[in-house]
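# Chains, contacts and geometry: an overview
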Amino acid sequence: MGIDRLRALSELERKVLWLSTWMIHSANHLRPNADGLKVGGHQASSASMATIMTALYLAVLRPEDRVAVKPHASPVFHAIQYLLGRQTREKLVNFRGLGGAQSYPSRTKDGDSVDFSTGSVGLGVAQTLFSSLAQDYVRAHGLGEGPEGRMVALLGDAEMDEGNIFEALAEGWKHGLRNTWWVVDYNRQSLDAVVREGLWSRLEATFRNFGWDVVVLRHGGLQRAAFAEPGGDRLRAWIEACPNQLYSALTFQGGAAWRKRLTDELGDQGDVSALLSRRTDDELAALMGNLGGHDLPALLEAFEAARAHSRPTCFIAYTIKGSGLPLAGHKDNHAGLLTPAQMEGFRAAMGVREGREWEPFEGLDLPEAALRAFLAAVPFARPATRRHATPAIPVPDALTVPAQPAMSTQQGFGLLMHEIAKLDTEMARRIVTTSPDVTVSTNLGAWVNRRGLHAREEMADLFRKERIPSTFHWQASPRGQHLELGIAEMNLFLMLSALGLSHSLHGARLLPVGTLYDPFIERGLDALNHACYQDARFLVVATPSGVTLAPEGGAHQSIKTPLIGLSQDGLASFEPAFVDELAVILRFALAHMQRHGVPAPDDLLRDAAGGAAYLRLSTRAVEQPGRRMDAALEGDILAGGYWMRRPGPNAEAVVAYAGAVAPEAIAATGLLAEDRRDVGLLAVTSADRLHAGWTAAQRRREAGDPGAASPGAASPGAMSHVERLLAPLPRHCGLVTVLDGHPATLAWLGAVEGHRTRALGVERFGQTGTIAELYRLNGIDAEGIAAAAQAVAPGRPVRHLRRA
Ligand SMILES: Cc1ncc(C[n+]2csc(CCOP(=O)(O)OP(=O)(O)O)c2C)c(N)n1
Ligand SMILES: [Mg+2]
């Protein structure tokens, strides 16, 4: 048979440590540096995890497992993938360069071995928990195939300071979490500091309280053997009582310092003195550094034992930050780099010859052929689909628009979802809704009544059983399609991110729809950003929004979410005013989240690539337009806007509005039209898409695209939608933009064709009141809009103007 597994792993572990250290060194010291900026990379944080990750990737993990790697251990990850033939040398040489291996593992930019993008500490950790829940959801619905995978997070000990991890722990407990491993690189150092004494015994208790197994890997084999020697129990007691700071400091100082300290504190105890003097300084340093997280056999044994069950398990692996490097243990080592002289010493110690630094088997004590054979047989690298290509679920050409004379977009959303809930289609079955304790108040109640709550076990709605009247039936079963979450909005976005990657990670396409209050998007914003960064596919629907939620007051009013929608990459954002627009947009979103194509040059919005979507809705009932939908209008709504009242050739003023202020914009246009010619009213359904198209068209023209010319003269295909809308306006026409949100969202419209513009919106924390009062206060009522028009397009004063 092949070579001894442990020997091969320990040789490869050395190589992993070498390559990760060298990769960072090379990027910082050898690659030409045009900016004079430190390139960076974390040699100490990487070294800390070299053994753990070698054990996992080269022995323990199976192809069905999915992993979130501690962001600053990225070089270790790349080194391992390189050894497995899943990463190129060129990308390693270009670590942290354009197109090179990424600073932090990235799903979209590194190869398919990255399951979760990490970078913002805490998020990757929690995401594995939600991915495990997503995997259970998929299985409960009879989807997905092959063995269930473990969802594994490799985390730094200080990552536990991120509150979102605790929020996730609570949610996992509620949903009967399984198949989740968190492996803590317990080096007792963060970026700035040494971790507070005793913190982890509290965290350990927290894990156990939430039903996790906790496996502590404290001592390595060398230490355990020493403890068995006479006097060993004293040494063990000393090590276990040693404060984190002191252990780190002595580690940094090395064998002589260890000997002095141990001799001072334990040395007069006969046996212990003998135990110490049997070892050279180097051997003593090796002994004291031999913690559980650097001990391959201990790690392998612990991981393999946990494979036998599905209980969530937290491994606390004691490590030394910078283990094996001259920066080991130093409290300032987080961003520390080996000096060129230290690197020379390390190279010699690793037996790596000059010029052969990137060679995968250089300096190892086993024959290359044997190591190659070992790597070829690594279970993680078995041919298997790590990223599934899941076909899209058909979406109908149109959704049934509820017919009511006056509705809010929130109400319309609830009705549309109710209509979908009645369908017996694959799309209806694949939709999974989730909400952080605002299911009812965001109008998902009717959907949940029909489709049920999801839980691993049947759970009756006791109110229903007791015949207590209630509008809502909260019957839970494995077949249910709504995942009810606690209030934490971070969890909502992590859940959407997990569900929204299910097509790729678990081989089952889901259509996740999450609802929350618009202002609380900001509470989960980093998780939303991260979900988009790793190209998760979902729809988030937010109500109520803006000052339009009037009596709820300033604490619940969202001002800047439209700017989030405008600026968030990977998220197509809409703010419709009417329910027929919403129906078109909802249908689009369900299709958009399933697209994975390559955009053609004239696909300015890059729709072929697909993405997530965000709908900012309102609770304000507004009068609905009559039946009016056709293909052209649909196209305009999706491109971001349409003329609700087309301006004539001599237009003096145009009002452009988004969302719930539609009635005010319509009324203002009416006022203006009394005294002005050709007034126009532009309905903006997506500031985001109008803006994205505009900048993309400009960039195309600037890049000298032969099909593109200046907006005025260009072939229409080269123009963006907003340019086509605004180009016909005469130059002197004034523009007033208005929305219930930050005015900057639409202010840029004036820059498209150079029209003088006044941007209205909300800039200050709000008040409680009626809609009319609050709109007046913010100057976004009809009179405010008309007054603004008067300022940018002076003509005869408007007669009915209250404040002109
Ligand atoms: C949300 C967030 N805040 C801050 C940082 C900057 N940062 C990166 S690593 C780190 C310290 C991490 O310490 P630990 O988790 O113990 O990792 P290790 O000791 O293994 O380097 C910090 C503060 C970050 N990446 N993400
Ligand atoms: Mg740490």
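So, a few notes on the structure that sits alongside this text. (Residues numbered from 1 in each chain as written. Chains lettered and ligands numbered in written order. Predicted model: local features only at pLDDT ≥ 70, side-chain atom pairs only at ≥ 80, totals over all residues. Heavy atoms only, no water.)

## With respect to the coordination of the magnesium ion (ligand 2)
Bound to the magnesium ion (ligand 2) are the protein donor atoms Asp157 (OD), Asn187 (OD1) and Gln189 (O), situated 1.9 to 2.1 Å from the metal. The motif formed by the donor residues of the magnesium ion (ligand 2), counted along the single chain, is D-x29-N-x1-Q. A residue pair is termed long-range when its members are at least 10 positions apart, and Asp157 in the loop between β2 (151–156) and α6 (163–174) and Asn187 in the loop between β3 (180–186) and α7 (199–209) qualify at 30 residues. Pair check on accessibility: Asp157 and Asn187 agree, each one buried. (Donors = N, O, S within 2.8 Å, 3.2 Å for Na, K, Ca; no water. Helix = DSSP H or I, 4+ residues; strand = E, 2+ residues; numbered from the N terminus. Buried < 20%, exposed > 50% of the residue type's maximum accessible area, 1.4 Å probe, protein only.)

## Focus on the packing of aromatic side chains
In this structure the tally under the stated criterion is 18 aromatic pairs. An angle of 70° between the planes, with centres 6.2 Å apart, marks the rings of Trp22 and Trp358 as edge-to-face. Remark: Trp358 occurs in the loop between α15 (340–349) and α16 (368–376) and Trp22 occurs in helix α1 (residues 5–30); sequence separation between them is 336 residues. Both residues of the pair, Trp22 and Trp358, count as buried. Between the aromatic rings of Tyr57 and Phe77, the centroid separation amounts to 5.7 Å while the plane-to-plane angle is 70°, which identifies the pairing as edge-to-face. Highlighted residues: Tyr57 in helix α2 (residues 43–60) and Phe77 in helix α3 (residues 74–83), separated in sequence by 20 residues. For Tyr57, a relative accessible area of 0% puts it in the buried group. The class for Phe77 is buried, based on a relative accessible area of 2%. A connected cluster of aromatic rings, assembled from ring pairs, spans Trp18, Trp22, Phe346 and Trp358. Across from the ring centre of Tyr104, 5.5 Å away, lies the NZ or CZ of Arg96, which sits over that ring. Across from the ring centre of Tyr186, 5.5 Å away, lies the NZ or CZ of Arg188, which sits over that ring. (Phe/Tyr/Trp six-rings, centres within 6.5 Å; stacked < 30°, edge-to-face > 60°. Lys NZ or Arg CZ within 6 Å of the ring centre and 35° of its normal.)

## Some remarks on the nonpolar core
Counting residues in hydrophobic clusters, the biggest one holds 82 residues, and the most contacted among them are Trp182, Leu235, Trp238 and Phe538. No other element matches the nine residues that helix α5 (residues 123–140) contributes to this core. Membership of the second largest hydrophobic core comes to 71 residues, among which are Ile431, Leu671, Ala683 and Ile780. (Core = buried A, V, L, I, M, F, W, Y, C linked by side-chain atoms within 4.5 Å.)

## Section: the site of ligand 1
The environment of ligand 1 is formed by 18 residues, the closest being Ser45, Lys70, Asp157, Gln189 and Lys321. A distance of 2.6 Å is found between an oxygen atom of ligand 1 and a side-chain nitrogen or oxygen belonging to Asp157. Here Lys321 contributes a side-chain N or O atom positioned 2.9 Å from an oxygen atom of ligand 1. A total of 590 Å² of accessible area belongs to ligand 1 in isolation, and the protein chains cover 75% of it. Looking at the shell around ligand 1 residue by residue, the classes come out as three nonpolar, nine polar and six charged. (Near = heavy atom within 4 Å. Polar contact = N/O pair within 3.5 Å; in protein donor to acceptor, adjacent residues only side chain to side chain. Areas by Shrake-Rupley, 256 points an atom, 1.4 Å probe, with all protein chains shown as cover. Nonpolar A, V, L, I, M, F, W, Y, C, P; charged D, E, K, R; others polar.)

## Remarks on the sheet that holds strand β17 (residues 653–658)
Taken together, five strands build an open sheet; the order of strands is β16-β18-β17-β19-β20 and the sheet is mixed. Both edges of this open sheet fall to β16 (641–645) and β20 (757–760), since each of them pairs with a single strand only. Each strand axis lies, on average, 20° off the axis of its neighbour in the sheet, ignoring direction. As paired strands, β16 and strand β18 (residues 680–684) are joined by four bridges and run antiparallel to one another. The partner of Tyr642 across the bridge, within β18, is Ala683. The strands that helix α27 (residues 662–673) touches are β16, β17 and β18; relative to β17, the one it contacts most, it runs at about 170°. (Pairing = 2+ DSSP bridges. Axes fitted to C-alpha atoms, helices over the stretch in contact; angles between N-to-C directions. Contact = heavy atoms within 4.5 Å.)

## Focus on unusual backbone geometry
Going from Thr543 to Pro544, the amide bond is cis rather than trans, its omega being -15°. Of note, the phi angle at Asn179 is positive, near 55°, even though the residue is not glycine. On the secondary structure map, Asn179 appears in the loop between α6 and β3. On the basis of relative accessibility, which here comes to 2%, the residue Asn179 falls in the buried class.

## A closer look at the sheet that holds β2
Strand order in the open sheet formed by five strands is β1-β2-β3-β5-β4, with parallel pairing between adjacent strands. Both edges of this open sheet fall to β1 (66–68) and β4 (213–217), since each of them pairs with a single strand only. Mean inter-strand twist for the sheet, computed between neighbouring axes without regard to direction, equals 15°. Relative to β2, β1 runs parallel, the two sharing three bridges. Looking at β2, one finds that Val67 is bridged to Val152. Contacting β1, β2, β3 and β5 (313–318), α2 crosses the sheet at an angle of about 150° to β3. Those strands touched by α5 are β1, β2 and β3, and its axis lies near 170° from that of β2.

## Remarks on the side chain of Arg188
Among the structural elements, Arg188 can be located in the loop between β3 and α7. Despite being buried, Arg188 has no salt bridge partner; Asp157 is the closest side chain of opposite charge, sitting 5.9 Å away. From its side chain, Arg188 meets the backbone oxygen of Thr319 in a polar contact 3.3 Å long. The contact partners of Arg188, leaving out residues within four places of it in the chain, are Asp157, Ala193, Val194, Val195, Asn244, Tyr247, Leu291, Tyr318 and Thr319. (Lys, Arg positive; Asp, Glu negative; His and termini not counted. Salt bridge = Lys/Arg side-chain N within 4 Å of Asp/Glu carboxyl O.)

## Some remarks on the pairing of strand β12 (residues 539–542)
Neither face of β12 is exposed, since Leu539 and Val541 on one face and Val540 and Ala542 on the opposite face are all buried. As judged from the four bridges shared by strand β11 (residues 511–516) and β12, these two strands associate in the parallel manner. Paired with Gly514 across the two strands is Val540, which belongs to β12. Running through helix α23 (residues 525–533), the crossover from β11 to the neighbouring parallel element β12 is right-handed. The sheet contact formed by β12 and strand β14 (residues 612–616) spans four bridges and is parallel. (Right-handed = clockwise from strand over helix to strand, strands pointing away.)

## As for the pattern of salt bridges
In the structure shown here, the tally under the stated rule is 39 salt bridges. Arg689 is paired through a salt bridge with Asp607; the nearest N and O atoms lie 2.8 Å apart. Residue Arg689 is located in helix α28 (residues 687–702), and its partner Asp607 is located in the loop between α25 (579–592) and β14; the two are separated by 82 residues in the primary sequence. Classification of Asp607 as buried rests on a relative accessible area of 17%. Each of Asp424, Glu426, Arg429 and Arg430 takes part in one network of salt bridges that share partners.

## Examining the environment of Ala421
Inspection of the secondary structure puts Ala421 in helix α17 (residues 409–422). Judged by its relative accessible area of 6%, Ala421 falls in the buried class. Residues in contact with Ala421, not counting those within four places in the same chain, are Trp447, Arg450 and Arg451.

## Brief notes about the packing of α27 against helix α33 (residues 782–792)
In the contact formed by α27 and α33, the axes pass within 8 Å of each other and the chain directions differ by 50°. Comparing their axes, α33 and α27 come out oblique. Classified by chirality, the crossing of α33 by α27 is right-handed. Across the interface between the two elements, Glu664, Ala665, Ala667, Ala668, Leu671 and Leu672 of α27 pack against Ala782, Ile785, Ala786 and Ala789 of α33. Of the residues assigned to the contact of α27 with α33, the class counts are nine nonpolar, no polar and one charged. (Parallel < 35°, antiparallel > 145°, perpendicular 65-115°, else oblique. Left-handed = near helix turned anticlockwise from the far one by under 90°.)

## Here we look at helix α9 (residues 232–241)
Those residues of α9 not exposed but buried are Gly232, Leu235, Trp238 and Ile239. One face of α9 carries all of its buried residues, which in axial projection span an arc of 120°. For α9, the exposed residues set more than 90 degrees away from the buried face come down to Asp233 and Ala241. Looking at the buried positions of α9, the neighbouring elements they touch are α8 (221–227), α10 (244–253), α11 (255–266), α12 (271–277) and α13 (281–288). (Arc of directions from axis to C-beta.)

## Some details on the environment of Gly119
With respect to the helices, strands and loops of the structure, Gly119 is situated in the loop between α4 (89–93) and α5. Each C-alpha atom of the pair Gly119 and Glu359 lies 29 Å from the other, and the pair is 240 residues apart in sequence. Excluding residues that lie within four positions of it along the chain, Gly119 makes contacts with Pro71, Tyr104 and His530.

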